[in-house]
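Coordinate inspection notes
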Amino acid sequence: MSGSRELILGRVRRALASAGQDDTPYEQAVVRDYLTEHAERTPEQTIELLAENLADYRAIVHRCTEEELPETLMRLLAARGAESVLVPPGLPPHWLAAADATRVHDRAASTPHELDAVDSVVTGCAVAVAETGTIVLDGSPDQGRRRITLVPDHHLCVVRVPDQVVASIPQALPRLDPTRPLTWISGPSATSDIELDRVEGVHGPRTLEVVLVGGTAR
């Protein structure tokens, strides 16, 4: 095993030795003249595209104002019959002020079995991508640890519009820190077997509900 390893590494060293030095900075060496958005849209049209693509991925989309958010979350949790809700440490307290469900805090000591017993989890997000219908979480205080959105069966995700919505992946990447634990979500967890039978909830929540929050009540 050691001899094979040294043989391979020797070939790599010889190949690198004969390669010319390229001091071109990475930012200049990689051509990035591709489109960062595939159409010209107003902010309202971008939000509509996000809602359309979320629904296409079988996420359930809701809309409300900032003032309506606590009542909206209360109604959605009640409709789900949720008696317990997992809460990230930095979730704004007023979001769940009207909810009757028992709060379960995001703790490092929580076991997968304990997380699986929770009915719902409510989080914010880092950014939402309209063209792909993707929600990105980065482990910020209002989103909590990655596992709290992968184990419970029901995820309620709040997206602030238009501030957290971008058109495309290239526009989303500069907003994200690559050293953080990024979770990219396009609809509820699902997979298909060789017969293309779709099964949901295999490696994440079976139900994803997204609340688009924007504006104020009139």
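Read on for a plain summary of the structure. In this convention, every chain numbers its residues from 1, walking through the sequence in written order. Reporting of local features is limited, given that this is a predicted model, to residues whose pLDDT is at least 70; pairs of side-chain atoms are given and counted only at 80 or more, and all residues count toward the totals for whole chains, interfaces and linings. Calculated side-chain values reflect all of the structure's heavy atoms, with hydrogen atoms and water omitted.

**Some words on helix α1 (residues 2-18)**
The terminal C-alpha atoms of α1, which comprises 17 residues, lie 25 Å apart, in line with the 24 Å expected from a rise of 1.5 Å per residue. Exposed residues in this analysis have more than 50% of their type's maximum accessible area, buried residues have under 20%, and partly exposed residues fall in between, with area computed by a 1.4 Å probe over protein chains only. A helix here means a DSSP run of H or I that spans at least four residues, while a strand means a run of E at least two residues long, and both kinds are numbered starting from the N terminus. Of all 17 residues in α1, one are buried; the element is thus mostly exposed. To estimate the expected span of a helix, count its residues, drop one, and scale the result by 1.5 Å.

**Thoughts on empty space enclosed by the protein**
One water molecule sets the probe size; rolling that probe over the atoms shows where empty space is left. A pocket, in this scheme, is an open set of points on a 1 Å grid over the protein atoms alone with protein on both sides within 12 Å along at least 5 of 7 lines, while a cavity is a set where a 1.4 Å probe fits but cannot get out; residues line either one if an atom lies within 4 Å of a point. Grid points are joined across faces, edges and corners, and a volume is the space filled by probe spheres set on the points. Tallied over the full model, the rule gives one cavity of 30 Å³ or more. Reported here for the largest cavity is a volume of approximately 30 Å³. As for the largest cavity, its lining consists of Leu-137, Asp-138, Gly-139, Gln-143, Gly-144, Arg-145, Arg-146, Thr-149, Pro-181 and Thr-183. Residues were grouped as follows: Ala, Val, Leu, Ile, Met, Phe, Trp, Tyr, Cys and Pro as nonpolar; Asp, Glu, Lys and Arg as charged; and all remaining residues, including Gly, as polar. Here the lining of the largest cavity is built from residues that sort into two nonpolar, five polar and three charged.

**Some details on a nonpolar patch on the surface**
Grouping into patches uses exposed residues only, defined as over 30% relative accessible area, and leaves out salt-bridged ones; the cut-off is 9 Å for like charges and 5 Å for nonpolar side chains (Val, Leu, Ile, Met, Phe, Trp, Tyr). Per-residue and other accessible areas were derived by the Shrake-Rupley procedure at a 1.4 Å probe size, with only the shown protein chains allowed to occlude residues. What counts as a salt bridge is simple: a side-chain nitrogen of Lys or Arg found within 4 Å of a carboxyl oxygen of Asp or Glu. Taken together, the side chains of Ile-8, Val-12 and Leu-16 define a hydrophobic patch exposed on the protein surface, amounting to about 290 Å² of accessible area. Here Val-12 lies in helix α1.

**Concerning the sheet that holds strand β2 (residues 84-87)**
Pairing is parallel in the open sheet, where six strands are placed in the order β1-β12-β7-β4-β2-β3. The open sheet terminates on both sides in strands that have one partner only, identified here as β1 (60-64) and β3 (102-105). Averaged over neighbouring strand pairs, the angle between their axes works out to 25° when direction is ignored. Here helix α3 (residues 43-56) sits on the sheet and contacts β1 and β12 (207-213); the angle it forms with β1, its principal contact strand, is near 150°. We call two strands paired when DSSP finds no fewer than two bridges between them. Only the stretch in contact is used when a helix axis is fitted, and all axes are lines through C-alpha atoms; the angle between N-to-C directions ranges over 0 to 180 degrees. Whether two residues touch is decided by their heavy atoms; if any such pair falls within 4.5 Å, the residues are in contact.

**Considering the nonpolar core**
Buried residues of nine kinds, namely Ala, Val, Leu, Ile, Met, Phe, Trp, Tyr and Cys, make up a nonpolar core once their side-chain atoms join them within 4.5 Å. Residues Leu-50, Ile-135, Cys-157, Val-159, Val-165, Val-210 and Leu-212 are the most contacted members of the largest nonpolar core, which totals 19 residues. Element by element, the count of residues in this core is highest for α3, at five residues. If we ignore the near neighbours within four places in the chain, the residues touching Leu-50 are Ala-128, Val-129, Ala-130, Gly-133, Val-165 and Leu-212. In this structure, Val-87, Ala-99, Val-122 and Val-211 belong to the second largest nonpolar core, which totals 18 residues.

**A short note on the pattern of salt bridges**
Between side chains of opposite charge, a pair can form when the charged atoms approach closely. Scanning all chains against the criterion turns up ten salt bridges. Ionic pairing is found between Asp-106 and Arg-145, a salt bridge with its closest N-O pair at 3.1 Å. Here Asp-106 is found in the loop between β3 and α5 (112-116), whereas its partner Arg-145 is found in the loop between β6 (134-137) and β7 (154-160), with 39 residues between them in sequence. The class of Asp-106 is buried, set by a relative accessible area of 14%. In this structure, Arg-206 and Asp-153 form a salt bridge, with 2.8 Å as the shortest nitrogen-oxygen distance. A residue pair is termed long-range when its members are at least 10 positions apart, and Arg-206 in the loop between β11 (198-200) and β12 and Asp-153 in the loop between β6 and β7 qualify at 53 residues. Assessed through its relative accessible area of 40%, Arg-206 is described here as partly exposed.

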